[in-house]
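Listed below are the residues making up each chain.
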Amino acid sequence: MMTVRNYADSGDIGNYYRWFNASEAPFTLVQHLMRWVSEYSLAPAWLRVPSVVAGVLTWLLTSRGVVGPLCRGTRRLPLHLVTAVFFLACWLPFGLGIRPEPFVALGLTAVVAALLKAQRSDAPLFWLGTAALVTGLTVAVTPTGVAAVLTVLVFAGRIWRIVARRDAVTRWIAIPARVALLGCLGSVGLVAMFADSTWNGVRRATEIHDEFGPSLGWYQEFERYSALLGTTFWGNAGKRLAVLLAITSLLVAGACAMRGLHRMARMPELPLLIGSVLAVFAALWCTPSKWTHHFGALAGVSPALVVATAVLLARAGSVRSAHD
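Notes on the structure follow. What you see is a predicted model, and the numbers here were worked out from it, not measured in a lab. (Residues numbered from 1 in each chain as written. Predicted model: local features only at pLDDT ≥ 70, side-chain atom pairs only at ≥ 80, totals over all residues. Heavy atoms only, no water.)

**Quick notes on the overall build of the protein**
Helix and strand counts for the protein stand at 18 helices and two strands. Summarising its shape, the C-alpha atoms of the protein cover approximately 70 × 60 × 40 Å along the three principal directions. Sequence-distant contacts, at least 24 apart, represent 73% of the contacts inside the protein between residues at least 6 apart. By element, 67% of the accessible surface of the protein is carried by carbon and sulfur atoms, the whole surface being about 16100 Å². For the protein, the centre of its 28 positive side-chain charges and the centre of its 15 negative side-chain charges are spaced 15 Å apart. (Helix = DSSP H or I, 4+ residues; strand = E, 2+ residues; numbered from the N terminus. Contact = heavy atoms within 4.5 Å. Areas by Shrake-Rupley, 256 points an atom, 1.4 Å probe, with all protein chains shown as cover. Lys, Arg positive; Asp, Glu negative; His and termini not counted. Charge placed at Lys NZ, Arg CZ, Asp CG, Glu CD.)

As structure tokens, then:
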């Protein structure tokens with residue numbers, strides 16, 4: 001918050017306390033949002049209202065937009081209750097604050113929900129456009145937001161089938177036009193990233209960040225997990241549980257998908273959700289700072305995968321029992 005309030009004197013979101021007031025650009029979208037919020041009051045409860053709103057929206061997208069379509073045929077009330085438990089377990093340790101990770105979780109969940117909806121909607125291009133717009137804005141939040149782009153790559157095959165779909169317009173005109181329109185929507189993120197900064201300013205700020213650090217390589221990702229399992233405030237039981245749930249569900253769901261159990265359990269889109277969670281870990285792996293609060297980006301797609309894995313195991317077990 002002190003970094004955000006520094007805007008009043010410098011006219012830029014700069015980190016006065018660590019990087020000699022070097023700009024935080026191009027990842028300042030949430031800081032500008034918090035700047036407007038802090039102009040009304042600096043009360044801790046008020047400053048956390050945006051993250052709470054983001055958490056509620058993430059919950060709605062997780063339960064209705066991701067878990068619901070993946071687990072079609074499951075009774076709604078038990079499904080929503082289980083989703084709520086796992087969502088709170090993953091969101092509370094990281095999301096109740098003023099950091100940008102809750103908004104990355106919201107953006108990632110919205111992208112996954114929109115891309116899943118595009119597969120079943122009568123207006124698939126609308127949902128693809130929504131996913132493109134949200135992807136661009138999510139990247140502008142924080143470096144971990146690159147996971148949104150990786151998520152789009154996970155869905156690339158299905159996106160291409162929609163874009164290349166034949167209609168009344170000749171195909172050689174329709175495909176470039178659709179790609180251009182989606183690109184325009186996605187480029188809105190660049191407007192958010194460079195609205196009050198130049199490329200040279202971003203380049204210079206990045207050089208200062210790299211020189212004074214912390215700037216660790218991808219091969220030092222173990223530092224994040226070392227802090228998570230350590231005895232400092234970077235790691236506690238709640239944070240460890242959230243990450244453990246994500247990793248366990250990845251391993252179990254991945255093993256089931258490799259054996260084709262997701263098709264037997266009528267959950268053909270499960271590998272796409274697995275890829276979306278892996279995209280977050282890949283983005284974390286490549287980010288130069290290794291703080292544990294970055295795991296907050298998992299707070300939407302991770303509980304969805306945990307619930308989907310539980311439903312998959314239940315369905316696979318019931319099918320196996322019926323077969324026996």
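From this point, things continue past the structure.
**Considering empty space enclosed by the protein**
Evaluation of the coordinates by the stated rule reveals one cavity of 30 Å³ or more. By volume, the largest cavity amounts to about 40 Å³. Taken together, Cys90, Phe94, Ala242, Val243, Ala246, Phe295, Leu298, Ala299 and Ser302 make up the lining of the largest cavity. Put simply, the parts of the chain that give the lining of the largest cavity at least two residues each are α6 (76-95) and α15 (237-258). In terms of residue count, the dominant contributor to the lining of the largest cavity is α15 (three residues). The residue makeup of the lining of the largest cavity, split by class, is eight nonpolar, one polar and no charged. (1 Å grid on protein atoms, 1.4 Å probe; cavity = no way out; pocket = protein on both sides within 12 Å on 5 of 7 lines; lining within 4 Å. Points joined across faces, edges and corners; volume = space filled by probe spheres on them. Nonpolar A, V, L, I, M, F, W, Y, C, P; charged D, E, K, R; others polar.)

**Looking at unusual backbone geometry**
A positive phi angle, near 65 degrees, is found at Asn21, a position not held by glycine. Locating Asn21 in the fold gives a position in the loop between β1 (14-15) and β2 (22-23). A residue is classified by how much of its surface remains accessible, and Asn21, at 29% relative accessible area, is partly exposed. Unlike most non-glycine residues, Arg266 shows phi in positive territory, near 60 degrees. Position of Arg266 among the secondary structure elements: in the loop between α16 (261-264) and α17 (270-286). (Buried < 20%, exposed > 50% of the residue type's maximum accessible area, 1.4 Å probe, protein only.)

**Here's the deal with the packing of helix α5 (residues 49-70) against α6**
Two elements in contact, α5 and α6, have axes whose closest approach is 11 Å; the angle formed by their N-to-C orientations is 145 degrees. Two packed elements cross with a definite hand, and for α5 against α6 that hand is right-handed. Seen from α5, the contacting residues are Ser51, Val52, Gly55, Thr58, Trp59, Thr62, Ser63, Arg64 and Val67; seen from α6, they are Leu79, His80, Thr83, Ala84, Phe87, Trp91 and Gly95. The residue inventory of the contact of α5 with α6, partitioned by class, reads seven nonpolar, eight polar and one charged. (Axes fitted to C-alpha atoms, helices over the stretch in contact; angles between N-to-C directions. Left-handed = near helix turned anticlockwise from the far one by under 90°.)

**Structural notes on the nonpolar core**
Counting residues in hydrophobic clusters, the biggest one holds 68 residues, and the most contacted among them are Val66, Cys71, Leu128, Leu273, Val280, Phe295 and Leu305. When residues of this core are assigned to their parent elements, the largest contribution, 11 residues, is made by helix α7 (residues 101-120). Not counting residues up to four positions away in its chain, the partners in contact with Leu128 are Leu115, Ala118, Ile159, Ile162, Val163 and Leu182. One finds Phe87, Trp91, Ala105 and Ala299 within the second-largest nonpolar core, a separate group that totals five residues. (Core = buried A, V, L, I, M, F, W, Y, C linked by side-chain atoms within 4.5 Å.)

**Section: the layout of surface pockets**
Its volume calculated, the second largest pocket comes out at about 280 Å³. Lining the second largest pocket are 15 residues, with Leu29, Leu33, Phe103, Leu106 and Val141 positioned closest to its centre. Going through the elements one at a time, α3 (29-38), α5, α7 and α8 (124-139) are the ones with two or more residues in the lining of the second largest pocket. Its residues placed into classes, the lining of the second largest pocket shows 13 nonpolar, two polar and no charged.

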